[in-house]
Every structure is written in structure tokens, then in C-alpha cells.
Amino acid sequence: MRSCAHRQKRGHAAAAAAAEIGGGAFDMSTYLQLRESALDDAGVQATCQAMSEAIHRTGVLVVRDPRVSADDNKTFQTLMQRYYSQPVDDLLVDARPELFYQVGVTPDMKETAICAADPACRAVIEGLAPEDRPLMPTGPDPKWRFFWRIGERPSAADTQFAELNAPPVVPPAFQEEWQSTMDGWGEKLLAAVSTVAEMIAIGWGQPRGVFTSRMHLGPHLLAPTGSDLSRYNNPGTIFAGWHTDVSFLTIHGKSNFPGLSVWTREGKKIGVTVPDGCLLVQAGQQLEYLTGGHVKAGYHEVVLSDAAQNAASRARQAGESLWRISSTVFAHINSDCILEPVLQGGEEEEEKIEQQPYPPVQAGAFVAAELEKLFATNDQETHGSGSKL
């Protein structure tokens, strides 16, 4: 059993105010240019502190990475629109239900938010202010998803969690372009989210590698969803029921249709607007664990909003695809690493941390336990883990 890094001293919460979601972006260009000397730059230090405070307050960051362009995102989304537009029988060839859909395609109506059946989760929703409540999940999500592994994997002899590192599925009709496009986009997002991990670590006064050292050889997933707005077009349709991700950090390119909302740690609902060429980063459960609750895994949902309906109408009139694509990567901690707090919260967090301890646990075991909760909500033979990862 590996700890992967030594326990770190307590960090100090940054004092910078959190950026309003969608109101701007944290530009990582200077940090990337300076690299090793970035720690000596006052402007970079201020950006790192502002990022760490923003993700503490809201669970979300909007960032700009010069290595990732809007054209890259468009190219990837166009491929996924073509893929999901195939006949259903062709899509189902890529499904691996025997692996709980952890690789390949997950059909629509297979992923279900845990709040659909968990009384505790439903109680959280009911405890929110009426204007901040999400739509209550009642059944499976009408979206498709494809899981593609990103980054190096440990050898079977070096991991206790080989089932989380299964071989990839390449769709027969996309043999020539699939791997290069998936790897190209996924690796860019993984590089971007790794930079985010370094910068928030610096913002908390930690070594820049405190998180990325634990991400090495993690079961990172490129997991684009496809929602058919021509088929599921009733107002208020829930494409991704209210949930948090079991990942460390989740990163997305800008979706081609709106509909995503996020919730701050205070339970305030915010509709997300991502500027062109920027990326959205969300805190997952593993980051909550590693920070001892200083950062909370962010709740979010995707619904057919008025804005999404209006965008779909414009796309229909222009003869464009009505498949809504999320170009998502789930970044994970190495499955064999130990999850335990390496960053304690500020004084205002001490009471919460004491009330909700975070005992040491292997990341792979933590993920497996979360999957068991999801399987309890759904048929184990057909349920996919989906965005809850």
C-alpha cells in the first residue's frame, strides 16, 4: 500500500476573493512560461492564491490555457457528434456492460444520479432555498457517454485495481481517427488540469507537486457525453441529475449547448457560462478528501434550460447537429495511493473537519465504494458510473 507522498504541513487559506463563475478566467500563461521561476513572480503567486480561494468558495474555476484552443474543442465535439449520430445498433457494439461500462460507450437511460433514490441526498436538495434547488432526479439520465482512458497506466503487477484500468474500445467506423483525436484532446485537458492542481497547491502554501505526484498513473478518463436535443426536447429534461463527481478534478471544454448549473459550498445555484477558448474545472470528491473538507466536491446538473432550447432552435434552423457534447476529462488520484488530508482547512473549517473525518483509504477502494452506492441505486448489470465518476 503506497502513500505516494509524505504528509504535508497545514496550508493557509488564500485571502483573494473568488472569481464569479463565467465572469472571467484565470489565465495560466505566465505560470506556464515561467515554470520553475514562477514561484518568484508576485503576479503568479497572486493568481495561484486567487484560484485556490475561488475553488474553496465555489468548487469551480474557469481557466485559460494557451495549449488548448477553441478549435481543438470544436474538432473534438464534431467527432463526437458524428459518433453519436450513428444507428443505435452500431453504437451498442462499443458497449461493455460486463465491465459496468467503465470503457467504451454507455447508452442513454443507464446512468442515474444517486439523489434519485438516496433519502439523504434528497434531504440536501429540500434543505436548499427554493430558488437554489435543482430539479429532483427521478430516474436515469437520457444521455450517452464514452469512456476513454487518458495517460499512462500502471502494469497489472503494480496495481491492486486493474479493473479500473481496462483496455480501450475503438469504434469500428472510426478506426483511423479515433485514437489520435481522443488522445490529443484528452492529453491537452489532462495537462491543463495538472497545471491547475499545481497552481492551487501553491496558492495554499503547499509544494507544487503535492497533488500531481498523487495523480501520476491515475485512471484518468476522457468521458464525453452526448445528449440528443432533437429527441429529448421537453423543457426541464434532466440530462445529468444533481450530483458530485468522485474524481479529483473534472475539466471540460465549453459545451456546444448551455444547460450546466453548479452550486457553491453555501448552496447557491449558478448558471455556468464559459468564455470561448476557456476551460471549466470542478472540484471532485478526491480533492475534498485531500483538503480535509477545505474544498467541497461541487454539486452540478445539466438540464434542458430555456437558453439550451433557444440554442437548439437556432441550430435546427441552420441545419446543424442537435447533439449536445460535453468534452470532459475526469482526473483521478492513482488508485493505489492513499487518500488522506494533506491540506487542513483554515480556522473557520476546523469544526466541519472534526465532524466529518477523512480517514486514510486507498483511492481505488474509495472509488469502488462510491460505485457500490451507485449500483445500489441501479441494476448492477446495466448501470454505468457516468459523470458521478
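Residues numbered from 1 in each chain as written. Predicted model: local features only at pLDDT ≥ 70, side-chain atom pairs only at ≥ 80, totals over all residues. Heavy atoms only, no water.

Chemist: In this structure, what is going on with the pairing of strand 8 (residues 249-253)? I would like to understand it.
Modeler: Regular strands have side chains that alternate between both faces of the sheet. Burial analysis of strand 8 places five of its five residues in the buried class, which makes it a mostly covered element. Burial of strand 8 is two-sided: the residues Leu249, Ile251 and Gly253 facing one way and the residues Thr250 and His252 facing the other way are all buried. As defined by bridge partners, strand 8 adjoins strand 11 (residues 279-283) across five bridges and the pair is classed as antiparallel. Considered in strand 11, the bridge of Thr250 is made with Gln282. Strand direction decides the pairing type here: strand 8 and strand 14 (residues 328-331), joined by four bridges, are antiparallel. Residue pairing in the sheet places Thr250 in a bridge with Phe330 of strand 14. (Buried < 20%, exposed > 50% of the residue type's maximum accessible area, 1.4 Å probe, protein only. Helix = DSSP H or I, 4+ residues; strand = E, 2+ residues; numbered from the N terminus. Pairing = 2+ DSSP bridges.)

Chemist: For this particular structure, what's the right way to read the pairing of strand 9 (residues 260-263)?
Modeler: Neither face of strand 9 is open: one carries Leu260 and Val262, the other Ser261 and Trp263, and all of them are buried. Where strand 9 and strand 12 (residues 300-303) come together, three bridges link them in antiparallel fashion. Residue pairing in the sheet places Leu260 in a bridge with Val302 of strand 12. Where strand 9 lies against strand 10 (residues 269-271), three bridges are found, and the strand directions are antiparallel. Considered in strand 10, the bridge of Ser261 is made with Gly271.

Chemist: Which parts of the structure should I look at to understand the packing of helix 3 (residues 70-84) against helix 6 (residues 178-203)?
Modeler: For any two helices packed against each other, one specifies the inter-axial angle together with the distance between the axes. Running from N to C, helix 3 and helix 6 point in directions that differ by 135 degrees, and their axes come no closer than 10 Å. Considering the angle they form, helix 3 stands oblique to helix 6. The handedness of the crossing between helix 3 and helix 6 comes out as left-handed. Residues Asp72, Asn73, Phe76, Leu79, Met80 and Tyr83 of helix 3 touch helix 6, and the partners they reach there are Trp178, Thr181, Met182, Trp185 and Lys188. Here the residues of the contact of helix 3 with helix 6 sort into seven nonpolar, two polar and two charged. (Axes fitted to C-alpha atoms, helices over the stretch in contact; angles between N-to-C directions. Parallel < 35°, antiparallel > 145°, perpendicular 65-115°, else oblique. Left-handed = near helix turned anticlockwise from the far one by under 90°. Contact = heavy atoms within 4.5 Å. Nonpolar A, V, L, I, M, F, W, Y, C, P; charged D, E, K, R; others polar.)

Chemist: Help me out: how do you make sense of the state of the cysteines in this one?
Modeler: In total, this model carries one disulfide according to the counting rule given. Here Cys115 connects covalently by a disulfide to Cys121, the sulfurs 1.5 Å from one another. The exposure class assigned to Cys115 is buried, which follows from its relative accessible area of 0%. (Disulfide = S-S within 2.5 Å.)

Chemist: Help me understand the pattern of salt bridges, please; the structure alone is not making it clear to me.
Modeler: When the charged atoms of two side chains lie near each other, side chains of opposite charge can form a pair. Here the structure, examined in full by the defined rule, presents 13 salt bridges. We note a salt bridge from Arg145 to Glu111, for which the minimum N-O separation is 2.9 Å. Within this pair, whereas Arg145 is found in strand 4 (residues 144-149), its partner Glu111 is found in the loop between strand 3 (104-106) and helix 5 (119-126), the two being separated by 34 residues in sequence. Among the residues examined, Arg145 registers a relative accessible area of 1% and is labelled buried. As a salt-bridge pair, Asp132 and Lys268 come within 3.6 Å of each other at their nearest N and O atoms. (Salt bridge = Lys/Arg side-chain N within 4 Å of Asp/Glu carboxyl O.)

Chemist: Could you clarify how one ought to interpret the nonpolar core in this entry?
Modeler: Among the nonpolar cores identified, the biggest contains 70 residues, and Leu61, Phe146 and Phe211 are the most heavily contacted of them. Broken down by element, this core gets its largest block of residues, 13 residues, from helix 6. What Phe211 contacts, discounting residues up to four positions off in sequence, is Ala197, Ile200, Ala201, Trp204, Phe248, Leu287, Leu290, Thr291, Ile333 and Val342. Val60, Ala240, Val274 and Leu304 belong to the second-largest nonpolar core, a separate cluster that totals 20 residues. (Core = buried A, V, L, I, M, F, W, Y, C linked by side-chain atoms within 4.5 Å.)

Chemist: I keep staring at the confidence of the model for the protein and nothing clicks. Help me out?
Modeler: Any region with low pLDDT has predicted coordinates that should not be read closely. Looking at the protein, the pLDDT average stands at 88 and 86% of residues meet or exceed 70. In this model residues 345-354 is a low-confidence stretch, pLDDT under 50, and it forms 16 contacts with partners more than four residues away in sequence or in other chains. Taken together, the stretch residues 380-388 has pLDDT below 50 and engages in 44 contacts with residues farther than four places along the chain or on a different chain. (pLDDT = per-residue confidence, 0-100.)

Chemist: Please clarify how the environment of Ala223 should be interpreted in this entry.
Modeler: Topologically, Ala223 is positioned in the loop between strand 5 (221-222) and strand 6 (225-228). Between the C-alpha atoms of Ala223 and Val103, which are 120 residues apart in sequence, the distance is 9.3 Å. Discounting chain neighbours no more than four positions away, the residues touching Ala223 are Arg145, Phe146, Phe147, Ser326, Thr328 and Phe330.

Chemist: Whenever I open this one, the sheet that holds strand 12 confuses me. Can you help?
Modeler: Backbone hydrogen bonds are what pair the strands of a sheet, in a parallel or an antiparallel way. Strand order in the open sheet made by the four strands is 7-12-9-10, with antiparallel pairing throughout. At either margin of the open sheet sits one strand with a lone partner, and together these are strand 7 (238-243) and strand 10. Between one strand axis and the next, the sheet turns through 20 degrees on average, direction left out of account.

Chemist: What should I look at first to understand the packing of aromatic side chains in this one?
Modeler: Ring pairs (aromatic) are described by centroid distance and by the angle formed between their planes. Taken as a whole and judged by the stated rule, the model has 14 aromatic pairs. Aromatic pair Phe76 and Trp185: ring centres 5.8 Å apart, planes at 20 degrees, arrangement stacked. With Phe76 in helix 3 and Trp185 in helix 6, this residue pair connects regions lying 109 residues apart in the sequence. With respect to burial, Phe76 and Trp185 carry one shared label: buried. (Phe/Tyr/Trp six-rings, centres within 6.5 Å; stacked < 30°, edge-to-face > 60°.)

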